[in-house]
Amino acid sequence: MDWNLVWAALALMLVFEGLFPLLSPGGWRRTFEQLLKLRDGQVRFFGLVSIVLGLVSLWLVL
């Protein structure tokens, strides 16, 4: 495993994570407030979907 690639992927994740609050702090805040209203099961479902989509994307790219 190439650790430089892992660090680059983490750096890009931070860039993407920072774009929304930078460009639209009010929209980000409203979205985050809506996320706080979700039940644990709903949050887990979105986490699972995110993991599956990430793994499928990795599989297609590599």
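Analysis parameters
Residues numbered from 1 in each chain as written. Predicted model: local features only at pLDDT ≥ 70, side-chain atom pairs only at ≥ 80, totals over all residues. Heavy atoms only, no water. Helix = DSSP H or I, 4+ residues; strand = E, 2+ residues; numbered from the N terminus. Buried < 20%, exposed > 50% of the residue type's maximum accessible area, 1.4 Å probe, protein only. Areas by Shrake-Rupley, 256 points an atom, 1.4 Å probe, with all protein chains shown as cover. Lys, Arg positive; Asp, Glu negative; His and termini not counted. Charge placed at Lys NZ, Arg CZ, Asp CG, Glu CD. Axes fitted to C-alpha atoms, helices over the stretch in contact; angles between N-to-C directions. Parallel < 35°, antiparallel > 145°, perpendicular 65-115°, else oblique. Contact = heavy atoms within 4.5 Å. Nonpolar A, V, L, I, M, F, W, Y, C, P; charged D, E, K, R; others polar. Phe/Tyr/Trp six-rings, centres within 6.5 Å; stacked < 30°, edge-to-face > 60°. 1 Å grid on protein atoms, 1.4 Å probe; cavity = no way out; pocket = protein on both sides within 12 Å on 5 of 7 lines; lining within 4 Å. Points joined across faces, edges and corners; volume = space filled by probe spheres on them.

Help me understand the overall build of the protein chain in this model?
Secondary structure summary: the protein chain contains three helices and zero strands in total. Along the protein chain, helices (α) and strands (β) appear in the sequence α-α-α when read from the amino end. Considering only C-alpha atoms, the protein chain reaches an extent of 40 × 30 × 15 Å along its principal axes. Expressed as a percentage of its 62 residues, the buried residues of the protein chain come to 2%. When the accessible surface of the protein chain is totalled, it reaches about 5900 Å², and 73% of it is carbon and sulfur. One finds the centroid of the 5 positive side-chain charges in the protein chain at a distance of 14 Å from the centroid of its 4 negative side-chain charges.

What exactly am I supposed to notice about the packing of helix H1 (residues 3–23) against helix H2 (residues 25–36) here?
How two helices sit against one another is set out by the angle between their axes and by the gap between those axes. At their nearest, the axes of H1 and H2 sit 5 Å apart, and the two run at 110° to each other. When the interaxial angle is binned, H1 and H2 end up roughly perpendicular. Between H1 and H2, the contacting residues are Phe20, Pro21, Leu22 and Leu23 on the first element and Pro25, Gly27, Trp28 and Thr31 on the second. A class-by-class count of the residues in the contact of H1 with H2 yields six nonpolar, two polar and no charged.

It is not clear to me how the packing of aromatic side chains should be interpreted in this structure. Could you clarify?
Aromatic ring pairs are defined here through the distance separating the ring centres and the angle between the ring planes. A full pass over the atoms with the stated rule returns two aromatic pairs. Measuring from centroid to centroid gives 5.5 Å for Trp28 and Phe32, while their planes differ by 15°, and the two rings are stacked. Here the residue Trp28 and the residue Phe32 both occupy positions in helix H2, the gap between them amounting to four residues, near one helical turn. Of the residues examined, Trp28 reaches a relative accessible area of 36% and is grouped as partly exposed. Its relative accessible area of 41% is what places Phe32 among the partly exposed residues.

Got a minute to help me understand the layout of surface pockets in this structure?
In this approach the atoms are scanned with a rolling probe the size of a water molecule, which exposes any empty space left behind. Each pocket or cavity is described by its volume, and for the largest pocket that value is around 690 Å³. Taken together, 17 residues line the largest pocket, and the ones lying closest to its centre are Ala9, Leu10, Met13, Gly54 and Leu58. Secondary structure elements with two or more residues in the lining of the largest pocket: H1 and helix H3 (40–61). Take the lining of the largest pocket: its biggest share by element is eight residues, from H3. Its residues placed into classes, the lining of the largest pocket shows 12 nonpolar, three polar and two charged.

Any link to function would need more than the numbers given here.
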